[in-house]
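So you can see what is in the structure, the chains are spelled out below.
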Amino acid sequence: FKPIYWLHGLPFLLFNMYFFLNHYSSGFAENGIIFNINYEMVYLFKTYFYITGSSIYIVLSLSKLKKHKKNISKNFSYTEKIDLIWLNYVVKGAGVVVIVLLFTHLFDKYPTYTYTKLNYIIFTALIVYNFFLAYFGLKQQNIFTIKPPYKNKTDEFITTDSVNKKKRYKNSVLTEDESQKYLIQLKELFEKDKPHLDSELNLKETAVFLNISTNHLSQVINEQLNINFFEFVNNYRIKEAKSRLCDPKYETLTLLAIAYDSGFNTNSSFNRVFKKTTGFTPSQYIKQTKKIR
């Protein structure tokens, strides 16, 4: 948390100072007169300032979450519990509340929409959103204790797209020969030791295995193979799963068991990655291999 972030609370502070000074700067009798003179203008400004400000924060939040999603694929071999999909829903829910607030104020001049009716609409939206927020709060209790993704002075997360690889690694001291050498070591590690069978393998752990920095490892995978860490690890997991699906000694195992044994956290992620990689679902793949036999 940076001290400069306190500036985000400045509008709230200014509005409260205005109402405090306006309400208590004169006697009780004069109070209503001063307050009523400026109330409509201030109320409208406050409302539309809130709508505009909230919209900006919602857009920025969604943009930040999109960057976070890219970070995951570059640093982790799994997305479960760290993809923040629930937070996407929370932010979008806040957007719905802002839209409701905007429409109620656009229609407040129409005779059929009384002030009371508009209040019902606004507070109903807020109540629904609060229940919505409480639901995700109860389901995401680990947000208060989960450790942040690894990051230190020398190992920074990479957030730019693969099209900017050259620009991203422009200042890298890694030579082409070193990159090729690390790639060979990386493939040997995955072929022999099979670290991909660990469902929570991440970039930092893999870099430690190879005794190189996370930046260099990420650069090797991005530049030499043109994929990210998530894709690299899951390609090996799919290779492992395919060999097990074709092996008669694993016929008694369920697809879920094979998914877990191959390094996947959930059946849904296994099916999704398998279909994306092979073009078939695991069940379809088994049928295809049996036909070939």
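Reference entry: report on the structure contained in this document. Computed from a prediction, not measured in an experiment: that's the story for all the values here.

The rules behind each value
- Residues numbered from 1 in each chain as written.
- Predicted model: local features only at pLDDT ≥ 70, side-chain atom pairs only at ≥ 80, totals over all residues.
- Heavy atoms only, no water.
- Helix = DSSP H or I, 4+ residues; strand = E, 2+ residues; numbered from the N terminus.
- Buried < 20%, exposed > 50% of the residue type's maximum accessible area, 1.4 Å probe, protein only.
- Patch = residues over 30% accessible without salt bridge, like charges linked within 9 Å, V, L, I, M, F, W, Y side chains within 5 Å.
- Areas by Shrake-Rupley, 256 points an atom, 1.4 Å probe, with all protein chains shown as cover.
- Salt bridge = Lys/Arg side-chain N within 4 Å of Asp/Glu carboxyl O.
- 1 Å grid on protein atoms, 1.4 Å probe; cavity = no way out; pocket = protein on both sides within 12 Å on 5 of 7 lines; lining within 4 Å.
- Points joined across faces, edges and corners; volume = space filled by probe spheres on them.
- Axes fitted to C-alpha atoms, helices over the stretch in contact; angles between N-to-C directions.
- Parallel < 35°, antiparallel > 145°, perpendicular 65-115°, else oblique.
- Contact = heavy atoms within 4.5 Å.
- Core = buried A, V, L, I, M, F, W, Y, C linked by side-chain atoms within 4.5 Å.
- Nonpolar A, V, L, I, M, F, W, Y, C, P; charged D, E, K, R; others polar.

1. Brief notes about the overall build of the protein chain
Right, so step 1: When helices and strands are counted, the protein chain shows twelve helices and zero strands.
Right, so step 2: Going from N to C terminus, the protein chain has its helices and strands arranged as α-α-α-α-α-α-α-α-α-α-α-α.
Right, so step 3: Out of the 293 residues belonging to the protein chain, those deemed buried represent 31%.

2. Topic: a nonpolar patch on the surface
Right, so step 1: Residues Phe1, Ile4, Tyr5, Trp6, Leu7, Leu10, Leu13, Leu14, Met17, Phe20 and Leu21 make up a contiguous nonpolar surface patch of about 1300 Å² in total accessible area.
Right, so step 2: Mapped onto the fold, Leu13 is located in helix H1 (residues 10-24).

3. Some remarks on empty space enclosed by the protein
Right, so step 1: Applying the stated criterion across every chain, the model contains one cavity of 30 Å³ or more.
Right, so step 2: Its boundaries defined by the atoms lining it, the largest cavity holds a volume of some 60 Å³.
Right, so step 3: As for the largest cavity, its lining consists of 13 residues, and the residues nearest its centre are Ser77, Tyr78, Glu80, Phe264 and Ser269.
Right, so step 4: For the lining of the largest cavity, the secondary structure elements donating two or more residues are helix H9 (229-246) and helix H11 (267-278).

4. Section: the pattern of salt bridges
Right, so step 1: Applying the stated criterion across every chain yields a total of four salt bridges.
Right, so step 2: For Glu191, the salt bridge identified is with Lys239, shortest N-O distance 3.3 Å. Placement of Glu191 in helix H6 (residues 176-192) and of Lys239 in helix H9 is noted, with a sequence separation of 48 residues between them.
Right, so step 3: A relative accessible area of 41% places Glu191 in the partly exposed class.
Right, so step 4: Residue class for Lys239 comes out partly exposed when judged on its relative accessible area of 48%.

5. Some details on the packing of H9 against H11
Right, so step 1: Two elements in contact, H9 and H11, have axes separated by 10 Å at closest approach and are oriented at 90°. What the angle tells us is that H9 and H11 run roughly perpendicular. Note on element contacts: H11 touches H9 through Phe270, Val273, Phe274, Thr277 and Thr278, opposite Phe230, Asn234, Asn235, Ile238, Ala241, Lys242 and Leu245.

6. Here we look at the nonpolar core
Among soluble globular proteins, nonpolar side chains are generally buried collectively.
Right, so step 1: Ranked by internal contacts, the top residues of the largest apolar core, which has 18 residues, are Leu186, Phe190, Leu217 and Phe232.
Right, so step 2: Here the element with the most residues in this core is H6; it accounts for five residues.
Right, so step 3: In this structure, Ala241, Phe264, Phe270 and Tyr285 belong to the second largest nonpolar core, which totals eleven residues.

7. Thoughts on the layout of surface pockets
Right, so step 1: Taken as a whole, the second largest pocket encloses approximately 640 Å³ of empty space.
Right, so step 2: Lining the second largest pocket are 22 residues; nearest its centre among them are Lys69, Ser73, Thr79, Phe230 and Lys276.
Right, so step 3: Elements supplying a minimum of two residues to the lining of the second largest pocket: helix H2 (28-75), helix H3 (85-106), H9 and H11.
Right, so step 4: A per-element tally of the lining of the second largest pocket places H2 first, with seven residues.
Right, so step 5: Residues that form the lining of the second largest pocket fall into these classes: seven nonpolar, seven polar and eight charged.

8. Observations regarding the packing of helix H7 (residues 203-210) against helix H8 (residues 214-225)
Right, so step 1: H8 packs onto H7 with a crossing angle of 95° between their chain directions and a minimal axis gap of 9 Å. In terms of orientation, H7 lies roughly perpendicular with respect to H8. Together, Leu203, Lys204, Thr206, Ala207 and Leu210 of H7 and Thr214, Leu217 and Ser218 of H8 make up the contact between the two elements.

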